[in-house]
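Single-letter residue listing:
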Amino acid sequence: MISPMPECDLLVVGAGPAGVAAATVAAERGRAVLLLDDTPWLGGQIWRGEQQKPTNAQAQTWLNRLARSGVRIIGEARMVGLEGPGRYVIETPDHHWTIQPKALVLATGARELFLPFPGWTLPGILGAGGLQTLVKTGWPIEGQRVVVAGSGPLLLAVAAGLKKAGANVVGLFEQASPASLARFGTQLIAHPDKIGQAFGLRRQLAGVPYKLGWWPVRAEGVNQVERLVLTSGRQTLTVDCDAVACGFGLVPSLELPTLLGCLLDGEAVAVDAGQQTSVQGIFAAGELTGIGGNDKALVEGQVASLTAIGEHAAVFPLHRSRNGWRNFARALGKTFKPRPELLKLAEPQTIVCRCEDVTYSQLSGYTSWRDAKLQTRCGMGPCQGRICGAATRQLFGWGMESVRPPVLAARVASLIPSDERI
Amino acid sequence: MPEPEVINVTVNGQRLSVPAGTVAASAVARAGLVGFRAPVRGGPARGPLCGMGICFECRIMINGQPQVRSCQVICREGMELRTDDLANA
């Protein structure tokens, strides 16, 4: 079957806050917009579950605007590669298409940074955002003893969410130092609503032990996690638990922008004042351009989209807010940057690549990601380095040199050029 | 027609009712299982990590199809979930 080739003014990849905002404002101005997401849901990870159970007013406002705007939405759709400049191959469980939009907004978001420590592969140890997401979709947590550990403002929100869902949150451990957080606090003056949010979360966590400057060193258990050992550098503490929610912050999901040739600025996609990447006609918004949360994503999504469709007058009033959130993102990155001790937690036998079971000792001695991949199969399993790639970047300083299509495991049929398909 | 509030699935052949909107990974956990897939070089079974379809640690067999990311699949009536099939190991 030859698939139809939908033409559109704007193609948006990723239906989190940035993608939803980008798609909505373009469609509201009469443009033909196609919005894709890898999942069957709208709202990305941060607004996960809002379609079923509304809890967040901002999410509801945007999801309602999206629903009214006339955006064509395709769920369980992934952009797997390109078939020539500006011709993108899209795959769903049943179909594939080649789409040629006038402009493209990438809003593929972020994922958690996991740093390997002994025992981290035991079942029951999940990402902080990972456990939160699963609890929103039926994961049994009631009455479970949960330790929340790692880094970043997400931990507070996760701990509060887990407590509300009936978990017994036995401790919340943030690796950033009290001094570092105090500095961050003074910068929040520019974003008073964030201060309110933080105080609100702390109130919800009354009675939960909350320690700054503590981090996990080892997890123990036979078939699943039974306890977590933590340290402050001077003291250690062992906490019995049924589950651990552990993430060391977020990292942008850079595979697609890298594949499309967008230049990076450090660990984020480089963009200009209009959110355009180094590639003409390709824009990036949200966590891709630096981890900053949903307010930054919403404004960047609008700026990207309005610039892409040439509505420059509408962009101008958004610049000030966007720049403010960019500064917030920079402060966030500085405050919650993983401390050097976290990069020394892995022991020789600790697994770093969970797909191919490659240990830390097998990886030491290689000088690049490519070398390590070729010799050890690190990063060559089903996740294609999505977990260990970010970890080895931190541990060994290796960068992702190139991304080759398909971005994710794809069906062979999707990879055959459209003019050769039967 | 309103969506049913409870969905019936099987986990390794055992019947289980879960709330509508539950993902397959959560159904497996609700069945009391902690291990989802066998690691390639042995050792204790693995369970979900990222919860968002990135890490592939939660792969199980769903309706006869191996290697499906269970955190990305919403339970449907009659769905068969297996963590014990060798083809999935």
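Going by the structure above, here's the rest.
I will try to describe carefully the structure that is included in this document.

Reading the values: rules and limits
- Residues numbered from 1 in each chain as written.
- Chains lettered and ligands numbered in written order.
- Predicted model: local features only at pLDDT ≥ 70, side-chain atom pairs only at ≥ 80, totals over all residues.
- Heavy atoms only, no water.
- Axes fitted to C-alpha atoms, helices over the stretch in contact; angles between N-to-C directions.
- Helix = DSSP H or I, 4+ residues; strand = E, 2+ residues; numbered from the N terminus.
- Left-handed = near helix turned anticlockwise from the far one by under 90°.
- Contact = heavy atoms within 4.5 Å.
- Nonpolar A, V, L, I, M, F, W, Y, C, P; charged D, E, K, R; others polar.
- Phe/Tyr/Trp six-rings, centres within 6.5 Å; stacked < 30°, edge-to-face > 60°.
- Buried < 20%, exposed > 50% of the residue type's maximum accessible area, 1.4 Å probe, protein only.
- Lys NZ or Arg CZ within 6 Å of the ring centre and 35° of its normal.
- Pairing = 2+ DSSP bridges.
- Arc of directions from axis to C-beta.
- Buried area = accessible area lost by both parts, 1.4 Å probe.
- Salt bridge = Lys/Arg side-chain N within 4 Å of Asp/Glu carboxyl O.
- Polar contact = N/O pair within 3.5 Å; in protein donor to acceptor, adjacent residues only side chain to side chain.
- Core = buried A, V, L, I, M, F, W, Y, C linked by side-chain atoms within 4.5 Å.
- Expected span 1.5 Å × (residues − 1).

## Regarding the packing of helix α1 (residues 17–28) of chain A against helix α8 (residues 294–308) of chain A
All names here are of chain A. Their axes nearest at 7 Å, the elements α1 and α8 cross at an angle of 35°. When the axes of α1 and α8 are compared, the crossing they make is right-handed. Facing Pro17, Ala18, Ala21, Ala22, Val25 and Ala26 of α1, the residues of α8 in contact are Asn294, Ala297, Leu298, Gly301, Gln302, Ser305 and Leu306. Its residues assigned to classes, the contact of α1 with α8 shows nine nonpolar, four polar and no charged.

## Concerning the packing of aromatic side chains
Residues and elements named next belong to chain A. Applying the stated criterion to the full structure yields seven aromatic pairs over all chains. Between Phe173 and Trp214 the ring centres are 6.3 Å apart and the planes differ by 55°, which places this aromatic pair in the tilted class. Separated by 41 residues along the polypeptide, Phe173 in strand β10 (residues 168–174) and Trp214 in the loop between β11 (210–212) and β12 (215–220) bring together distant segments of the chain. Accessibility classification places Phe173 together with Trp214 in one group, the buried group. Seen from their ring centres, Phe184 and Phe336 are 5.6 Å apart, and the 75° between their planes marks the pair as edge-to-face. Remark: Phe336 occurs in the loop between α10 (319–335) and β20 (351–353) and Phe184 occurs in helix α5 (residues 178–187); sequence separation between them is 152 residues. Taken as a pair, Phe184 and Phe336 share a single burial class, namely buried. Taking the ring centre of Trp41 as reference, the NZ or CZ of Arg48 above it sits at 3.8 Å. One cation-aromatic arrangement involves Arg354 over Trp120; the distance from NZ or CZ to the ring centre is 4.6 Å.

## Regarding the sheet that holds β10(A)
All names here are of chain A. The parallel open sheet is built from five strands, whose spatial order is β8-β15-β9-β10-β11. Sheet topology places β8 (125–126) and β11 at the edges, where each strand pairs with a single neighbour. Here six bridges tie strand β9 (residues 145–150) to β10, and the two strands are oriented parallel to one another. Considered in β10, the bridge of Val148 is made with Leu172.

## Digging into α5(A)
An α-helix turns once per 3.6 residues; consequently, residues spaced three or four apart project the same way. All names here are of chain A. Those residues of α5 not exposed but buried are Ser180, Leu181 and Phe184. Along the axis of α5, the buried residues cluster in a sector spanning 95°; they form a single face. In α5, the exposed positions angled more than 90 degrees off the buried face are occupied by Arg183 and Thr186. Where α5 is buried, its residues touch β10, β11 and α10.

## Things to note about the interface of chain A and chain B
Counting residues at the interface gives 37 residues for chain A and 32 residues for chain B. Of the roughly 2,800 Å² buried at the junction of chain A and chain B (both faces included), carbon and sulfur atoms supply 58%. Remark: the boundary between chain A and chain B carries two salt bridges. In this structure, Glu57(B) engages Arg354(A) in a salt bridge whose closest nitrogen and oxygen atoms are separated by 2.5 Å. For the interface between chain A and chain B, the tally reads eleven residue pairs in polar contact (both at pLDDT 80 or more). Broken down by secondary-structure element, the contributors of at least two residues to the side of chain A that touches chain B are β7 (110–112), β8 and α3 (128–136) of chain A. Top contributing element to the side of chain A that touches chain B by residue count: α3(A), with three residues. Taken together, the residues of the side of chain A that touches chain B sort by class into 17 nonpolar, twelve polar and eight charged.

## Brief notes about the nonpolar core
Grouped together as the largest cluster of nonpolar side chains are 46 residues, with contacts concentrated most on Leu131(A), Trp139(A), Leu162(A), Val9(B) and Leu81(B). Broken down by element, the residue count for this core peaks at six residues, all from helix α4 (residues 154–164) of chain A. When near neighbours in sequence (up to four residues on either side) are disregarded, Trp139(A) contacts Leu131(A), Leu134(A), Ala25(B), Ser26(B), Ala29(B), Phe36(B) and Pro48(B).

## Details of the environment of Ala313(A)
With respect to the helices and strands, the residue Ala313(A) is situated in helix α9 (residues 312–315). Separated by 153 residues in the primary sequence, Ala313(A) and Ala160(A) have C-alpha atoms spaced 41 Å apart.

## Some thoughts on the pattern of salt bridges
On inspection of all chains with the given rule, the structure shows 20 salt bridges over all chains. One salt bridge connects Arg145(A) with Asp242(A), and the closest N-O pair in it is separated by 2.9 Å. Taken together, the positions of Arg145(A) in strand β9 and Asp242(A) in the loop between β14 (236–240) and β15 (243–247) put the pair 97 residues apart, joining distant regions of the chain. Notably, a salt bridge pairs Glu220(A) with Arg218(A), separated by 2.9 Å at the nearest N-O pair. Taking the relative accessible area as the measure of exposure, Arg218(A) reaches 34% and is therefore partly exposed. Residues participating in the shared-partner salt-bridge network are Arg354(A), Asp357(A), Arg37(B), Arg46(B) and Glu57(B).

## Observations regarding the sheet that holds β12(A)
Residue and element names in this part refer to chain A. Taken in spatial order, the three strands of this open sheet run β12-β13-β14, and their pairing is antiparallel. Of all strands in the sheet, those bounded by a partner on one side alone are β12 and β14. On average, adjacent strands in this sheet sit at an angle of 25° to one another, irrespective of strand direction. Of the strand pairs in this sheet, β12 and strand β13 (residues 227–231) are connected by five bridges, and their pairing is antiparallel. Across the sheet, residue Ala219 finds its bridge partner in β13, namely Leu228.

## Points about α10(A)
Residue and element names in this part refer to chain A. For α10, which comprises 17 residues, the first-to-last C-alpha distance of 24 Å matches the rise-based estimate of 24 Å (1.5 Å per residue) to within 8%. For α10, the full list of buried residues reads Arg322, Trp325, Phe328, Ala329, Ala331, Leu332 and Thr335. On its buried face, α10 is in contact with α5, α6 (192–204) and α8.

## A few points about the side chain of Arg111(A)
Of note, Arg111(A) is situated in strand β7. For Arg111(A), a relative accessible area of 7% gives the class buried. Every residue in contact with Arg111(A), bar those within four places of it in the chain, is listed here: Gly249(A), Leu250(A), Val251(A), Ser253(A), Glu255(A), Arg386(A), Met52(B) and Ile54(B).

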